[in-house]
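The residues making up each chain are set out below.
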Amino acid sequence: MKLRPWFLLAAVAAASCGGYDAPDEVTFGQLVYTQPAPTPGGQPSDLFKPLTSYYLDPSLEVWKDGQQQLPQALPSSTVTTITTRMGTGTGGFGYTQQTNNPGPGGVPNADVGLRLAYIQTTQAYYYNYCSIYWAYYYCYPGWAYAGSYTTGTVLVQMVGLKTIGTVVTPGKALWVSALYSVLGSAGLENAPRLTSALNQAFDQSPYLKTN
Amino acid sequence: MNRTYVCAALAAVALAAWPASAQSSGWTEYRPAKTLFTMGYQMSQPLGNFHDYIGSSSFRGFTFDWRSMLSKNFSGGLRFNWNRYNESYSNVTETTTGGGTVTGPTFHYADQFAIQAIGHYYFDTGSESRFVPFLGIGLGGVWSNTYQQTIDLGVSQSGFYFITTPEAGLLINLAKGGTSAALHLSVLYNFTTASFRNVSNAQAITETLGLSFSY
């Protein structure tokens, strides 16, 4: 009978390599954050029930690594998603859309305004393999690897445009959403992830519904 | 005369060979074991709020221990074991303290490396019995390393904590002699003081399937 315990050790060592890294569905997924304005002593829905109309800014603020870029037009799929979910149709929150663009410096004739910003961030990474062997600190240049990738985060902000009751005032942020990692290097041309993230943001914000 | 010398020489060689022969048959000549080594594969299922953190079973685990018989039924020794737990969740929704809501995929991970002083009691089932049930306990320290990730955002925690491990098991003798081999089956309850995120005193049920060698 000849036992080879090293086989077992090798199998365990091989198994130990697994399970350490997050799967692609996590690393390349998307994160959706939403938050209503504080309503001390009340419910978030109290804030939105008196509202009736909204204005969607057709231009998209664009930032790249902290520098503001020229604005872009909202993708049509994004406009469709927002107007469907905010609108008065089935499944909508019941707002009426105001489409008259007031121009620079003007205030739209609506209770609230919706505006989106696209923030591109370049992330750089560098990994190497260094170790201490006796008294020497070695780095293996051949083992190092470096690179960069771009994440595209979209911020959605709903701002009060009129004084309604005591809570809603012009310029006050009533609802914000951060859609993290919904646009990568591909940009806005192909934005199905932005659409699904927007839907998720509205799904987890049922208090946006008006009377 | 010459024949007498030849016979005497052959007898001397034969007699001198007996001890060597006895040594080489160490697997078959039984003697009570003094030292045991166990090497085994482990599976583990988190319990309590550790189960809330990682709900799935761990199939990555390993144990190695050394035991010395202190008396006929008691042994003392040292054990090292390692268990890796991980699970990913496709869409988790959580509410923040500020009233916000966040939804996204998450990955939870935990590694535990434990080293413990161990003591075991073996039930006397007779020298001819194939089965030897035992009870044991381990006391020591565990290095816990945990990690959480969503998208490209990750955070980790690590620390060294107390661990105690009551154990019940069974040795099934496969070969018995000067050196014996047995199949080792046991169930352990790992109680640690490892605390991270929403987990306090991480606990798990662990099963060992291994081989024990004794001599």
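Structural data are supplied above this passage.
Cut-offs applied
Numbering of residues begins from 1 in every chain and follows the order in which that chain's sequence is written. Numbering of ligands from 1 and lettering of chains from A proceed in the order in which they are written. Residues qualify for local features only when their pLDDT is at least 70, as the model is predicted, and side-chain atom pairs are given and counted only at 80 or more; totals for whole chains, interfaces and linings, by contrast, use all residues. The side-chain values count all of the structure's non-hydrogen atoms but skip hydrogen atoms and water molecules. Throughout this description, the term salt bridge denotes a Lys or Arg side-chain nitrogen within 4 Å of a carboxyl oxygen of Asp or Glu. Numbering of helices and strands runs from the N terminus; a helix is a DSSP stretch of H or I covering at least four residues, while a strand is a stretch of E covering at least two. A 1.4 Å probe rolled over the protein chains alone gives each residue an accessible area, and that area as a share of the maximum for its type sets the label: buried under 20%, exposed over 50%, partly exposed in between. For the purposes of this section, nonpolar cores are sets of buried Ala, Val, Leu, Ile, Met, Phe, Trp, Tyr and Cys residues that join through side-chain atoms within 4.5 Å. Contacts are assigned to residue pairs that have any heavy atoms within 4.5 Å of one another. For Phe, Tyr and Trp, rings pair up if their centres lie within 6.5 Å, where Trp contributes its six-membered ring, and each pair is then called stacked (planes under 30 degrees apart), edge-to-face (over 60) or tilted (otherwise). The arc in question is the one traced by the directions running from the helix axis out to the C-beta atoms.

Examining the pattern of salt bridges
Under the definition given, this model contains 8 salt bridges over all chains. Between arginine 115 of chain A and glutamate 61 of chain A there is a salt bridge, with the nearest N and O atoms lying 3.4 Å from each other. Residue arginine 115 of chain A is found in strand 5 (residues 112-133), and its partner glutamate 61 of chain A is found in strand 2 (residues 53-64); the two are separated by 54 residues along the sequence. By relative accessible area, which is 40% here, arginine 115 of chain A ends up partly exposed. Residue glutamate 61 of chain A is classed as partly exposed on the basis of its relative accessible area, which comes to 23%. Residue arginine 67 of chain B pairs with aspartate 65 of chain B through a salt bridge whose shortest N-O separation is 3.2 Å. As far as the burial class goes, arginine 67 of chain B and aspartate 65 of chain B line up, both buried. A cluster of three or more residues bridged by salt bridges with shared partners is formed by Asp57, Glu61 and Arg115 of chain A.

Looking at the nonpolar core
In terms of nonpolar packing, the biggest core is built from 36 residues, with Phe48, Met86, Tyr95, Val154, Trp175, Leu179 and Leu208 of chain A touching the most fellow members. Those elements that provide at least two residues to this core are helix 3 (44-48), strand 2, helix 4 (76-86), strand 5, strand 6 (136-160), strand 7 (173-183) and helix 5 (192-203) of chain A. Leave out the neighbours within four places in its chain, and leucine 179 of chain A touches Leu31, Val32, Gly152, Thr153, Val154, Val156, Leu194, Ala197, Leu198 and Ala201 of chain A. If you look at the next biggest cluster of nonpolar residues, it comprises 10 residues, including Ile54, Tyr85, Ala110 and Ala204 of chain B.

Structural notes on the packing of aromatic side chains
All names here are of chain B. Evaluation of the coordinates by the stated rule reveals 18 aromatic pairs over all chains. Where phenylalanine 37 meets tyrosine 215, the ring centres are 6.5 Å apart and the plane angle is 25°; that geometry is what we call stacked. Here the residue phenylalanine 37 occupies a position in strand 1 (residues 35-47), and tyrosine 215 occupies one in the segment after strand 8 (203-214), the gap between them amounting to 178 residues. A relative accessible area of 38% places tyrosine 215 in the partly exposed class.

Looking at helix 4 of chain A
Those residues of helix 4 of chain A that fall on the buried side of the exposure criterion are Thr78, Thr81, Ile82, Arg85 and Met86 of chain A. Buried residues of helix 4 of chain A, viewed axially, fall in a sector of 110°; they line one side.

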